[in-house]
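# Working through the structure, step by step
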Amino acid sequence: MALAEKILEGDIRAAARLMRDIDDGFKSALDELKILYPHTGNAFIIGITGPPGAGKSTLVDQLTAVYRKQGKRVGIVAVDPTSPFTGGAILGDRIRMNRHADDAGVFIRSLATRGHLGGLSRSTMDVANVMDAMGMDIVIIETVGVGQDEVDIVRMAHSTIVVMVPGLGDDIQAIKAGILEIGDLFVVNKADREGADRTVRELATMLEMNQYKKGAWLPKVLRTEAHCNRGIEELVAEIEAHRSHLYQSGEIREFLQEKNARVFMDLLKERLFTEVFQHLHVNGRYRAILEGMAARREDPYSAVEKILAERFKGGD
Amino acid sequence: MSERKFRVLVGKPGLDGHDRGAKIIARAFRDAGFEVIYTGLHQTPEQIVAAAIQEDVDCIGLSILSGAHNTLLPRVCEILREKNAADIMIFCGGVIPDDDIPGLKKAGIREVFTPGTSTEAIVQWVKDNVKPRA
């Protein structure tokens, strides 16, 4: 309990510790999150996604500088991949943004994916919630470098920015499904590089092919050179335009409904699974099932049905 | 699932740009299963401590080859104490004369690794001397 109350009083170390407890799956973290939940829902969440090396961290750094100039408090959650072999990770997003580290109005947290797919860690939403409860006006979530299919961010962020760079592929890449469908804004970073005009054109053409409902938000393609701070003010203006659109059009209600449904379902799935699976381990059933499958004595379909029938007696 | 993952911050305080050693150490910790927060070059003591607190690391490893270790490293320890974070253990590596080591340890640096130390020895030392938080 102590952590949540300290966090609400502005204790940075308590916040950092709770994030750790969340990431490490400590049961106590849930009790703390219960206390914080009524204090969340105020931060505007911006998602930044795109391929590795596109300049996501540098953009986050520059966006943070602009929002700080406006006097807003900024929380940053930066996700990098975990090694599938050792479980270790190098979390290097801070390299680009650590000039903000000792600014009391900024809190940066690096997270490792820990085997979670989708471009984020399992803990990302809850860590962002802690920042929200800390009173951050803006929370920026930077995904791992993504390929084509890591789209979890779109349910989490009010505005999702897809960052691309010149030279990654032809215009067929741009009409494939996946991350190119999820942007509320598209940024072609490193816009001073050769091929930038073509990339902008291809993205714009792709967007023109989309069917938009009347009054829907039309995603724009912006050009930035994040390392020398070009195009950043325009990007912030466009994010703010999207934010206004969300509220004026009422789309925010739909967004929140979907987001809350997702949060609830994910939690339910995780807890149900853990509940049942831990029990299987305790009484040695798990190993017996695997042995049964190896000998083709038992099939996995019946095994699961049996376990569910025992676990949830009387209901189906 | 509720098992602590080791988190270590690897950084380079001050002005020297030689980050090969820091990167090798970061990689060695990664391969040993640690989560390594790498803050990169040219960090002030204030930035290092702020990052260590926000990331809730168990320890800080600093690489320094500029010769400014007697100024910068005790300053990091001092700020950790000011911020009520002296429980975060700190060690360093680099070109550090033997004569300077007692002074650094007195200032709060728990161990000093000089050239020639193997990465295995450093990782093992951290495993032996740092417990992830309860």
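Reading the values: the criteria
- The numbering scheme is per chain: residues are counted from 1 as the chain's sequence reads.
- Here every chain gets a letter starting at A, and every ligand a number starting at 1, in the order they are written.
- Restriction of local features to residues with pLDDT of at least 70 applies here, the model being predicted, together with a cutoff of 80 or more for giving and counting side-chain atom pairs; totals for whole chains, interfaces and linings are based on all residues.
- With hydrogens and water stripped out, all remaining heavy atoms of the structure feed into the side-chain values.
- By the criteria applied, helices consist of DSSP H or I runs no shorter than four residues and strands consist of E runs no shorter than two, each listed in order from the N terminus.
- For the radius of gyration, the atom set is restricted to C-alpha positions; the globular benchmark scales as 2.2 Å times the number of residues to the power 0.38.
- Burial classes follow relative accessibility: with a 1.4 Å probe on protein chains only, a residue under 20% of its type's maximum area counts as buried, one over 50% as exposed, and anything between as partly exposed.
- Throughout, a residue-residue contact means that at least one pair of heavy atoms, one from each residue, lies within 4.5 Å.
- The Shrake-Rupley method, run with a 1.4 Å probe, gives the accessible areas here. Residue values count only the displayed protein chains as cover.
- Charged residues are defined here as Lys and Arg on the positive side and Asp and Glu on the negative side; His and the ends of the chain fall outside this count.
- By convention, the point assigned to a charge is CZ for Arg, NZ for Lys, CD for Glu and CG for Asp.
- Any N or O atom pair separated by 3.5 Å or less is treated as a polar contact, with the protein-specific requirement of one donor-capable and one acceptor-capable atom, and with residues adjacent in sequence counted only for side-chain atom pairs.
- For the purposes of this description, domain bounds are those given by an automatic or database domain assignment.
- Buried area, as used here, totals the accessible surface that two parts lose on assembly, with accessibility defined by a 1.4 Å probe and the loss added over both.
- Each reported salt bridge corresponds to a side-chain nitrogen of Lys or Arg within 4 Å of a carboxyl oxygen of Asp or Glu.
- Note on residue categories: nonpolar means Ala, Val, Leu, Ile, Met, Phe, Trp, Tyr, Cys or Pro, charged means Asp, Glu, Lys or Arg, and polar means any other residue, Gly included.
- Strands pair, by our definition, only if DSSP identifies at least two bridges between them.

### Topic: the overall build of chain A
Scanning chain A from terminus to terminus reveals twelve helices and eight strands. Relative to the 2.2 N^0.38 estimate, which gives 20 Å for 316 residues, the radius of gyration of chain A is 22 Å and therefore close to what a compact globule would have. Considering only C-alpha atoms, chain A reaches an extent of 60 × 50 × 45 Å along its principal axes. The burial tally for chain A puts 49% of its 316 residues in the buried class. Taking all contacts inside chain A whose residues are at least 6 apart in sequence as the whole, residues at least 24 apart take part in 76%. When the accessible surface of chain A is split by element, carbon and sulfur atoms take 53% of a total near 16,300 Å². A distance of 3 Å separates the average location of the 41 positive side-chain charges in chain A from that of its 46 negative side-chain charges.

### Quick notes on the environment of Tyr37(A)
Residues and elements named next belong to chain A. Position of Tyr-37 relative to the elements: it lies in the loop between helix H3 (27-36) and strand S1 (44-49). Residue class for Tyr-37 comes out exposed when judged on its relative accessible area of 52%. In sequence terms Tyr-37 and Ile-12 are 25 residues apart; their C-alpha atoms lie 18 Å from each other.

### Quick look at the side chain of Arg20(A)
Tracing the backbone shows Arg20(A) in helix H2 (residues 12-23). Here Arg20(A) falls in the buried class, since its relative accessible area comes to 1%. Among the polar contacts listed, one links the side chain of Arg20(A) to the side chain of Asp58(B), at a separation of 2.8 Å. With sequence-adjacent residues up to four places away left out, Arg20(A) is seen in contact with Arg109(A), Arg4(B), Lys5(B), Phe6(B), Arg7(B), Asp56(B), Asp58(B), Pro132(B) and Arg133(B).

### So, the domain arrangement of chain A
Annotation of chain A at the domain level lists domain 1 (1-38), domain 2 (40-249) and domain 3 (263-311). For domain 1 of chain A and domain 3 of chain A, the distance between their C-alpha centres works out to 31 Å.

### Remarks on the interface of chain B and chain A
Contacts between the two partners involve 37 residues from chain B and, on the opposite side, 30 residues from chain A. For the pair chain B and chain A, the two sides together bury roughly 2,800 Å², of which 47% comes from carbon and sulfur. Contact with chain A buries surface across chain B, with Arg4(B), Gln54(B) and Asp56(B) losing the most and accounting together for 24% of the total. Our count for the contact surface shared by chain B and chain A stands at nine salt bridges. Between Arg4(B) and Asp24(A) there is a salt bridge, and its shortest N-O distance comes to 2.8 Å. Run the count over chain B and chain A and you get 25 residue pairs in polar contact (both at pLDDT 80 or more). Listed by contribution, the elements that provide at least two residues to the side of chain B that touches chain A are helix H1 (20-31), strand S2 (35-43) and helix H2 (45-54) of chain B. The dominant element in the side of chain B that touches chain A, judged by the number of residues it contributes, is S2(B), at seven residues. Partitioned by chemical class, the residues of the side of chain B that touches chain A number 14 nonpolar, nine polar and 14 charged. Bridge analysis of strand S3 (residues 89-91) of chain A against S2(B) gives three bridges, and the strand direction is parallel.

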